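Coordinates in review
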Amino acid sequence: MTTRAKLTVYSALATALAALCLTPLLTTKGWITHAYLVLAVVAAVGAGLRRTPFYRWTVPVGQLLVLAVLLLLGFASAAASWGGVLPGPESVRLLGRVLSHGLDDVRDYAIPAPPSAGLRLILVGSVGLIAIAVDTVAVTYRRSALAGLPLLALYSIGNGLAGDKGSWLWFAAAAAGYLVLLFAEGQDRVSRWGRVFRGTSRGGGEGGGLGGLGQSGRQVGVIALALALLLPAFLPRWSSGLVHSGSGTAAGKHGPGGISSLDPLVSLTSALPNPRGVELFTYRSESPVADRTYLRTGSLDAFDGTTWKRGSGDTVPFKGTFPPPEGLSNADLAEVKVDVRIGNQLEDALLPMPYPPKSVGLRDNDAWQLDPVTASLLPVKEKAIKGLSYSATGLDVPATAGQLRNVPPAPNRIREQYLSLPRDLPDLVKQKADAVTGRSRTAYDKAVALQEWFTGPDFTYDITNRSGTGGDAMADFLARRRGYCIHFASTMAAMARYLNIPARVALGFTPGNSKSGNVYSVTDAMYHAWPELYFEGYGWLRFEPTPTRGVQPSYADPVSTPATQPTTGPTALPEPSAAVKLPSANPDCDPKLRRMGECGDQKQHTADGGGQSWLLSGQTLSTVGVVVLLLALLLTPMIWRSLLRRRRLGPGGRRRPGGPGGPIELTDAQVLAAWDELIDSAWDLGIPPDESRTPRAAARRITEAAELDEVAAAAAGRVALATERVLYARAAHVTEPLAADVRTARAGLRAVAGRRGRIRALLLPASSAQLRWRISDGLLTARLAVRGRVARVAGAVTGPVRRLLTRRRPDGDGRS
């Protein structure tokens with residue numbers, strides 16, 4: 001492997017090792033595989049461009065263009081044009097929207113954040129940019145020491161954001177990759193000084209010249225790395241660092257086993273794929289509907305096609321009470337009061353409370369801010385909710401099917417805000433919404449039809465499905481009909497908006513497990529999402545489309561009784577599947593637990609691996625495969641010709657017996673290889689070979705056709721003369737440096753060929769026709785060999801039979 005190839009591999013390795021410090025930033029690690037694929041392609045493109053005659057600055061430009069195409073294929077392939085394969089202008093606009101959402105996620109989410117498309121785009125793109133910077137500095141411009149700056153920036157930002165999740169292993173990996181890169185370039189620089197004479201040392205005469213210096217350099221590097229890892233253990237620590245989270249609400253941290261996030265969606269996507277059964281909080285309630293009361297933390301009311309998020313960013317100081325519930329005409333309703341005690345496992349989150357909330361009793365109201373649009377309470381200080389005890393009062397909104405069928409239309413303000421949908425909403429979402437609600441006339445009947453369709457036997461609750469609330473995730477969910485609460489809630493909300501029903505996505509917790517004395521326990525497995533639909537006079541009402549989870553409200557039954565009357569039994573369960581196990585019919589099991597599949601001796605089992613698959617989509621992989629195959633076919637002649645030239649003109653030969661100081665004598669094969677290279681070089685540049693001529697006549701023809709200068713013509717003549725000596729003389733004894741002569745003649749040919757001729761000779765060399773001939777000859781030889789072997793096997797099998805038949809054939813007189 002050449003030094004340039006080594007530097008290419010080691011620079012990519014250094015970037016890959018440094019990128020490991022970014023893995024704690026998201027709840028899943030699948031994005032790192034995508035980043036490594038991008039890194040490998042960028043390095044390969046750089047290696048290919050450095051073999052072309054273009055200027056060095058074109059290498060990073062080409063790598064940046066390839067990186068942009070890879071990001072478009074990986075994150076905006078849904079808007080691909082030109083046959084649905086290649087990215088077009090709409091893909092660029094979609095990628096911009098994904099990047100914008102990612103920047104919003106950086107501001108809104110704590111570490112670890114959910115693997116949203118925007119955040120994965122930022123991480124994969126950052127690794128690709130760092131890879132290009134390292135490759136440009138270390139390989140293209142041969143300044144490996146300066147390549148440590150982008151690597152240091154990547155490590156500093158990643159480890160600083162990771163905070164307590166950072167590890168000394170990430171530093172060791174990044175430093176090791178940088179040292180390997182330095183060793184490779186240092187070995188190349190020392191080798192240019194020549195061989196070092198060592199006298200009569202034990203190494204034996206003349207050594208390699210690099211052993212002592214290389215070994216010393218490696219020892220210095222290893223010692224420096226060891227000191228960097230060990231010294232911090234003996235130095236005093238500072239409470240602040242390069243990246244300090246401060247006391248704002250945007251920096252969330254958690255201890256072992258805890259959940260951390262200021263956005264409920266983060267906690268939901270983090271906890272549900274791998275629930276640990278950790279108790280987050282308990283609450284006490286004397287209300288008759290306590291076992292059916294959801295504790296809501298917030299809602300997502302803005303949908304832009306990529307994700308659901310909070311549309312309102314304005315908050316006001318909390319004074320202990322809430323504004324009147326939106327759309328509720330009767331505020332004199334039964335109250336639902338809960339006394340909540342938060343444990344140590346929930347450190348940063350919005351405040352759980354019944355909806356619609358009426359009041360909350362807190363020790364310090366100044367520690368919380370109110371979002372008046374979503375009726376949510378956001379903490380001002382870090383870890384404000386940890387260990388908190390408070391009382392919350394909500395309202396129990398009574399409603400029946402008949403009442404909801406006759407509500408007036410929503411006001412224009414509500415419709416404008418909660419009916420907006422992106423223009424690129426998948427057609428599958430619209431088609432299914434129309435098909436399911438085709439016979440329904442009122443908004444209520446359409447909502448119930450959607451809920452019954454989702455909770456029917458066609459859908460399966462499966463927490464191993466990839467996360468996401470955008471249009472692509474909805475289409476994938478509807479096609480596979482497998483997912484968990486966020487898929488059911490976000491899809492039903494989008495369908496409701498399409499059907500002109502104001503809707504949003506609420507997040508929080510399902511009713512807790514009953515313990516004793518009207519006390520309920522809420523674990524991390526009870527994170528939940530559900531749609532809220534607006535009905536004028538009743539405000540925002542909860543629906544439950546997720547099968548086997550939560551409790552359906554009584555008004556969601558078309559023949560329901562008023563909501564204040566307790567339900568008489570659990571909701572019917574769907575058919576059992578691989579992801580949902582039907583619980584046993586334990587008579588002592590709570591109806592809600594039976595619906596969640598947590599009754600009986602066997603608990604629900606699902607496959608591990610949640611969150612996000614590291615595999616790219618089939619369309620992206622097929623597109624990348626086609627592009628790589630086309631590039632390989634186009635570059636095969638160039639690569640084959642380059643390798644053949646290197647083999648022909650490489651070092652070799654044998655020394656004269658007269659002593660080590662004598663000239664190098666070339667073998668006959670090396671002389672003929674040099675002649676072949678001269679003929680092929682002329683062929684590539686437009687002078688085809690003429691095998692009817694002698695070597696000197698052929699060299700004269702090349703010189704005249706190309707109008708070579710005296711130096712190049714003399715070099716070609718020396719190669720021709722050496723070739724004739726090998727072909728016709730009894731002993732050739734060629735000692736001339738024919739490789740240098742071939743290069744001189746080739747340079748003369750290239751000088752008169754022009755730029756277009758040189759590019760054609762590089763990319764599509766005419767002499768590569770020999771490769772096709774060799775492949776054809778090889779196939780013919782293989783076919784003849786197989787045919788001969790088949791004939792021999794057939795003869796071996798049929799020979800004894802023929803001989804037996806010959807013996808038994810009767811003679812002319814009738815004897816056999």
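Up top is the structure these notes are about.
Residues numbered from 1 in each chain as written. Predicted model: local features only at pLDDT ≥ 70, side-chain atom pairs only at ≥ 80, totals over all residues. Heavy atoms only, no water.

Describing the layout of surface pockets
In this model, the second largest pocket occupies a volume close to 1,700 Å³. In terms of lining, the second largest pocket is formed by 48 residues, of which the most central are Ala47, Gly48, Leu49, Arg51 and Met638. Those elements that provide at least two residues to the lining of the second largest pocket are α1 (3-18), α2 (31-49), α3 (58-75), α18 (618-649), α19 (668-684) and α22 (738-763). Per element, the largest residue contribution to the lining of the second largest pocket is 15 residues, and it comes from α18. Its residues assigned to classes, the lining of the second largest pocket comprises 28 nonpolar, eight polar and twelve charged. (1 Å grid on protein atoms, 1.4 Å probe; cavity = no way out; pocket = protein on both sides within 12 Å on 5 of 7 lines; lining within 4 Å. Points joined across faces, edges and corners; volume = space filled by probe spheres on them. Helix = DSSP H or I, 4+ residues; strand = E, 2+ residues; numbered from the N terminus. Nonpolar A, V, L, I, M, F, W, Y, C, P; charged D, E, K, R; others polar.)

A short note on the sheet that holds strand β19 (residues 539-542)
Reading across the sheet, the four strands line up as β3-β15-β18-β19 and stay open at both edges, with antiparallel pairing between neighbours. Edge strands, defined here as strands with exactly one partner in the open sheet, are β3 (295-300) and β19. Along the sheet, successive strands turn relative to each other by an average axial angle of 40°, direction set aside. For β3 and strand β15 (residues 503-509), the ladder comprises five bridges, and the chain directions are antiparallel. Within β15, the position partnered with serine 299 by the bridge is alanine 506. Here helix α16 (residues 485-498) sits on the sheet in contact with β15 and β18 (527-535), set at roughly 15° to β18. (Pairing = 2+ DSSP bridges. Axes fitted to C-alpha atoms, helices over the stretch in contact; angles between N-to-C directions. Contact = heavy atoms within 4.5 Å.)

Section: the sheet that holds strand β9 (residues 357-361)
With antiparallel pairing, the six strands of this open sheet are ordered in space as β9-β12-β7-β2-β17-β16. Edge positions in the sheet fall to β9 and β16 (513-514), since each has one partner strand and no second. As defined by bridge partners, strand β7 (residues 334-342) adjoins strand β12 (residues 389-396) across eight bridges and the pair is classed as antiparallel. Paired with valine 340 across the strands is tyrosine 390, a residue of β12.

Side note on α16
Residues separated by three or four positions in an α-helix point in the same direction, a consequence of the helix having 3.6 residues per turn. Compared with the 20 Å implied by 1.5 Å per residue over 14 residues, the 20 Å span of α16 between its first and last C-alpha is a close match. Counting buried positions along α16 gives 13 out of 14 residues, so the element sits mostly inside the fold. Once α16 finishes, asparagine 500 follows within two positions and takes phi at roughly 70°, a positive value. (Expected span 1.5 Å × (residues − 1). Buried < 20%, exposed > 50% of the residue type's maximum accessible area, 1.4 Å probe, protein only.)

Quick look at the packing of α19 against α22
One way to put it is that α19 packs onto α22 with a least axis distance of 8 Å and a crossing angle of 15°. The pairing of α19 with α22 is recorded here as roughly parallel in orientation. As α19 packs across α22, the resulting crossing turns out to be left-handed. Of α22, the residues touching α19 (which contributes Val671, Ala674, Glu677, Leu678, Ser681, Ala682 and Asp684) are Leu738, Val742, Ala745, Arg746, Leu749 and Ala761. (Parallel < 35°, antiparallel > 145°, perpendicular 65-115°, else oblique. Left-handed = near helix turned anticlockwise from the far one by under 90°.)

Points about the pattern of salt bridges
Counted under the stated rule, the structure contains 21 salt bridges. The closest approach of N and O atoms between lysine 515 and glutamate 279, which form a salt bridge, is 3.6 Å. Of this pair, lysine 515 sits in the loop between β16 and β17 (519-523) while glutamate 279 is found in strand β2 (residues 279-284), placing the two residues 236 residues apart along the sequence. On the basis of relative accessible area, lysine 515 is assigned to the partly exposed category, the value being 48%. Here glutamate 279 falls in the partly exposed class, since its relative accessible area comes to 37%. Among the salt bridges present, the one from arginine 296 reaches glutamate 532, with a minimum N-O distance of 2.9 Å. Of this pair, arginine 296 sits in strand β3 while glutamate 532 sits in strand β18, and the two are 236 residues apart along the sequence. For arginine 296, a relative accessible area of 3% translates into the label buried. Via salt bridges that share partners, Arg641, Arg645, Arg648, Glu677, Asp680 and Asp684 belong to a single interconnected network. (Salt bridge = Lys/Arg side-chain N within 4 Å of Asp/Glu carboxyl O.)

Observations concerning the pairing of β19
One ladder, built from four bridges, connects β18 with β19; its direction is antiparallel. Paired with tyrosine 534 across the bridge in β19 is tryptophan 540.

Focus: the packing of aromatic side chains
Throughout the structure, instances matching the rule amount to 19 aromatic pairs. On the numbers, 5.2 Å between centres and 20° between planes, the contact of tyrosine 283 with tyrosine 520 is stacked. Placement of tyrosine 283 in strand β2 and of tyrosine 520 in strand β17 is noted, with a sequence separation of 237 residues between them. Classification of tyrosine 283 as buried rests on a relative accessible area of 2%. Seen in terms of ring centroids, tyrosine 294 and tryptophan 530 are 4.8 Å apart; in terms of plane orientation they differ by 85°. Their pairing is edge-to-face. Of this pair, tyrosine 294 sits in the loop between β2 and β3 while tryptophan 530 is found in strand β18, placing the two residues 236 residues apart along the sequence. Taking relative accessible area as the criterion, tryptophan 530 reaches 1% and is therefore assigned buried. Chaining the aromatic ring pairs together yields one cluster made of Trp453, Phe454, Phe459, Phe477 and Phe488. Just above the ring of tyrosine 355 sits the side chain of arginine 296; from NZ or CZ to the centre is 4.1 Å. (Phe/Tyr/Trp six-rings, centres within 6.5 Å; stacked < 30°, edge-to-face > 60°. Lys NZ or Arg CZ within 6 Å of the ring centre and 35° of its normal.)

Regarding the nonpolar core
Membership of the largest hydrophobic core comes to 48 residues, with the highest contact counts inside it found for Phe454 and Phe543. Per element, the largest residue contribution to this core is nine residues, and it comes from α16. The contact partners of phenylalanine 543, leaving out residues within four places of it in the chain, are Ala447, Val448, Gln451, Met492, Trp530, Pro531, Leu533, Phe535, Pro553, Tyr555 and Ala556. (Core = buried A, V, L, I, M, F, W, Y, C linked by side-chain atoms within 4.5 Å.)

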